Amino acid sequence: MSSSSRGPGAGARRRRTRCRRCRACVRTECGDCHFCRDMKKFGGPGRMKQSCLLRQCTAPVLPHTAVCLLCGEAGKEDTVEGEEEKFGLSLMECTICNEIVHPGCLKMGKAEGVINAEIPNCWECPRCTQEGRTSKVGVKGGRERHLKKKPKPPLASAEGPAVPSPSPQREKLERFKRMCQLLERVPDTSSSSSDSDSDSDSSGTSLSEDEAPGEARNGRRPARGGSGEKENRGGRRAVRPGSGGPLLSWPLGPAPPPRPPQLERHVVRPPPRSPEPDTLPLAAGSDHPLPRAAWLRVFQHLGPRELCICMRVCRTWSRWCYDKRLWPRMDLSRRKSLTPPMLSGVVRRQPRALDLSWTGVSKKQLMWLLNRLQGLQELVLSGCSWLSVSALGSAPLPALRLLDLRWIEDVKDSQLRELLLPPPDTKPGQTESRGRLQGVAELRLAGLELTDASLRLLLRHAPQLSALDLSHCAHVGDPSVHLLTAPTSPLRETLVHLNLAGCHRLTDHCLPLFRRCPRLRRLDLRSCRQLSPEACARLAAAGPPGPFRCPEEKLLLKDS
């Protein structure tokens, strides 16, 4: 689509990325086409920078940085379940004006736009459809000019009604598929190559039946001499795509010579990033006497707002202020939506603690973040939806020590099992099956519908917990306390902080069980209706080795 076809309010065309799911994306390079021969790993100069002909994606998708032109938010179709709601929150790119918008932001129905079923997230928006725009709309003198053509009468034929001509995108896709089929038949014998030539000739003729004689496809003029064929030096016949002849033709003769041996492959890595300057250059040409280490010590006393102001001073300060030592914790809580620049800024700073509580983060955004924050130690996701939190099941977090999942809606035992169990795609021959929460020391599960089955999985796959928050869990009772303090429980020797506030099923019979935990320093039993203050006072007086003190009723603390 040319630049002349965009209206005055049209957005810039975004380059699409691979879908990584189609047959072309998952296959390897052929090593025979001219793009593969140009690659450095096949011994070429590496100038074209193009992918293999057989690996050209047939369904490219929008990049993850694409946002809506009207509301500025990314696609959030993963947060809903209905088909109509998913369509209203997904990003759609218009093939005419190139605008990327949410269909729900246009306040128009789905039937008013023309959806392209071949390419994902692609349509003709209702605005262009109502105004009668086509791909040949031009702009001249700042005003739109609509070129309306008279409808051509259908060509009469003896067999029946005329078949409508396919769209240009459909023709391009079919040409690409036929080209791939012909390239796969190259090593065959001469008879198979001649058969493929005849098949391609018949297919090319059938596609060009609807065109007028002497007129090429897509409105191009025919080549000089009345035909689109050209003779090259090697005697092969090459036909320009779009003409009535075959797409590719091979010489009828003996089989091609054997392929020469491939050269040795080498891994080509990008050049290393330039090191940050150690000094601050001044306008006079000299350097500031304070080195970079001294400036970083000064920056450590500033907050996030002051650091962002310092980044605007000069380019050197901007690079220094991205140091991860200045951003140990980043708080994005209570945000309605997270934009792609915000996610990129988080990845550049590499914080150790990230707070995303009560935000509208989607599963795709969270998975993109966690795969790029391998040093993350604390993650707060309280108040988010389970559709987003389920990204933890496929993201590696080797350094995670604190996980906050309080007040997440619609969490059941089956979903917690997916989070606690080891990943199913373990390598063959691997004897150790480590769960995703093996190294977590503090886990907050307040307000969830936990049962004893989930607690058994928690004891098995999170054995290093020292702080556990089960407050306001409606199903936690005396049997749950017995599981936590049983002789076979690994948490019996590691628990230091235990929060059971608001668990109304706890009774006085479970209080002696807490004496089995020798390292317990904090026990919160507030708002437990069936627990009497006298029984809590007797536990505080006896306690595990050493008495507790009670600053509040049913709150037991012990000085370390």
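The name recorded for the protein chain in an unreviewed UniProt entry is F-box/LRR-repeat protein 19, from Canis lupus familiaris. The Subunit (unreviewed entry) field of the UniProt record for the protein chain holds the comment "Directly interacts with SKP1 and CUL1. Interacts with RNF20."

S.K.: Can you walk me through the sheet that holds strand E16 (residues 522–524) in this structure?
M.R.: Strands pair in a sheet through their backbones, by hydrogen bonds, and they do so in one of two ways: parallel or antiparallel. Across the sheet, which stays open at both edges, the 10 strands sit in the order E9-E10-E11-E12-E13-E14-E15-E16-E18-E17 with mixed pairing between neighbours. This sheet does not close on itself; its edge strands, each paired only once, are strand E9 (329–331) and strand E17 (549–552). Adjacent strand axes in the sheet meet at a mean angle of 5 degrees when their direction is disregarded. Inspection of the sheet shows strand E10 (residues 353–355) paired to strand E11 (residues 378–380) by three bridges, in the parallel sense. Bridged to Leu354 within E11 is Leu379.

S.K.: What am I meant to see in the side chain of Ser90 here?
M.R.: Within the secondary structure, Ser90 sits in the loop between helix H3 (83–89) and strand E1 (92–94). Note on Ser90: relative accessible area 9%, which makes it buried. Among the polar contacts listed, one links the side chain of Ser90 to the backbone oxygen of Phe87, at a separation of 3.0 Å. For Ser90, the residues in contact, after removing those within four places along its chain, are Glu77, Val101, His102, Pro103 and Asn121.

S.K.: Would you explain helix H11 (residues 363–370) in this entry?
M.R.: In an α-helix there are 3.6 residues to a turn, and that puts residues three or four apart on one side. Inspection of H11 places Gln365, Leu366, Trp368, Leu369 and Leu370 among the buried residues, and these make up the whole buried set. The elements touched by buried residues of H11 are helix H10 (340–349), E10, E11 and helix H12 (386–389).

S.K.: Help me understand the environment of Glu85, please; the structure alone is not making it clear to me.
M.R.: Of note, Glu85 is situated in helix H3. The class for Glu85 is partly exposed, based on a relative accessible area of 48%. Through-space distance from the C-alpha of Glu85 to that of Pro103 is 9.9 Å; in sequence the pair is 18 residues apart.

S.K.: Would you take a moment to explain the packing of helix H13 (residues 413–420) against helix H14 (residues 452–461) for this structure?
M.R.: If you want to describe how two helices pack, look at the angle between their axes and the distance between the axes. At their nearest, the axes of H13 and H14 sit 10 Å apart, and the two run at 5 degrees to each other. One element, H13, and the other, H14, form an angle in the roughly parallel class. On the side of H13, the interface is formed by Asp413, Leu416, Arg417 and Leu420, while H14 contributes Ala453, Ser454, Leu457, Leu458 and His461. By residue class, the composition of the contact of H13 with H14 is five nonpolar, two polar and two charged.

S.K.: Honestly, the sheet that holds strand E4 (residues 122–124) in this entry has me stumped. Any pointers?
M.R.: One open sheet holds the four strands; their spatial order is E2-E1-E4-E3, and the pairing between them is mixed. Of all strands in the sheet, those bounded by a partner on one side alone are strand E2 (100–101) and strand E3 (114–115). The pairing of E3 with E4 spans two bridges and is classified as antiparallel. Counterpart to Val114 in the pairing with E4 is Glu124.

S.K.: Just to check I follow, could you spell out the pairing of E17 for this structure?
M.R.: With two bridges joining them, E17 and strand E18 (residues 555–557) adopt antiparallel strand pairing. Paired with Arg549 across the strands is Leu557, a residue of E18. The hairpin turn running from E17 into E18, its antiparallel successor, is two residues long, and Lys554 in that turn takes a positive phi close to 65 degrees.

S.K.: Explain the pattern of salt bridges to me, please; I cannot follow it from the model alone.
M.R.: A side chain with one charge may pair with a side chain of the opposite charge, provided their charged atoms come close. As enumerated under the stated definition, the model contains 16 salt bridges in all. Of the charged contacts in the structure, one is a salt bridge between Arg16 and Glu93, with a shortest N-O distance of 3.0 Å. A residue pair is termed long-range when its members are at least 10 positions apart, and Arg16 in the segment before helix H1 (23–26) and Glu93 in strand E1 qualify at 77 residues. Of the two residues, Arg16 and Glu93, both sit in the buried class. A salt bridge links Glu73 to Lys76, with the shortest nitrogen-to-oxygen separation between them at 3.0 Å. Residues joined by salt bridges that share partners form a network here, namely Glu276, Arg292, Asp323 and Arg325.

S.K.: Before we go on, may I ask you to explain the nonpolar core in this structure?
M.R.: Considering soluble globular proteins, one finds that nonpolar side chains tend to be buried as a cluster. Counting residues in hydrophobic clusters, the biggest one holds 86 residues, and the most contacted among them are Phe299, Leu354, Leu379, Leu392, Leu468, Leu500 and Phe514. Discounting residues that sit within four places of it in the chain, Phe299 has contacts with Leu307, Cys310, Trp317, Trp320, Cys321 and Leu326. Ranked by size, the runner-up nonpolar core spans 15 residues in total, among them Met92, Ile100, Cys125 and Cys128.

S.K.: Would you explain H13 in this entry?
M.R.: Of the positions making up H13, those classed as buried are Gln415, Leu416, Leu419 and Leu420. Seen end-on, H13 carries its buried residues on one side only, within an arc spanning 130 degrees. The secondary structure elements touched by the buried residues of H13 are H12 and H14.

S.K.: Whenever I open this one, the side chain of Ser357 confuses me. Can you help?
M.R.: Relative to the helices and strands, Ser357 resides in the loop between E10 and H11. A residue is classified by how much of its surface remains accessible, and Ser357, at 8% relative accessible area, is buried. When sequence neighbours within four positions are dropped, the list of residues in contact with Ser357 reads Ser333, Arg334, Val380, Leu381 and Ser382.

The rules we used
- Residues numbered from 1 in each chain as written.
- Predicted model: local features only at pLDDT ≥ 70, side-chain atom pairs only at ≥ 80, totals over all residues.
- Heavy atoms only, no water.
- UniProt positions renumbered as here; feature names shortened; annotations may be inferred.
- Pairing = 2+ DSSP bridges.
- Helix = DSSP H or I, 4+ residues; strand = E, 2+ residues; numbered from the N terminus.
- Axes fitted to C-alpha atoms, helices over the stretch in contact; angles between N-to-C directions.
- Buried < 20%, exposed > 50% of the residue type's maximum accessible area, 1.4 Å probe, protein only.
- Polar contact = N/O pair within 3.5 Å; in protein donor to acceptor, adjacent residues only side chain to side chain.
- Contact = heavy atoms within 4.5 Å.
- Parallel < 35°, antiparallel > 145°, perpendicular 65-115°, else oblique.
- Nonpolar A, V, L, I, M, F, W, Y, C, P; charged D, E, K, R; others polar.
- Salt bridge = Lys/Arg side-chain N within 4 Å of Asp/Glu carboxyl O.
- Core = buried A, V, L, I, M, F, W, Y, C linked by side-chain atoms within 4.5 Å.
- Arc of directions from axis to C-beta.

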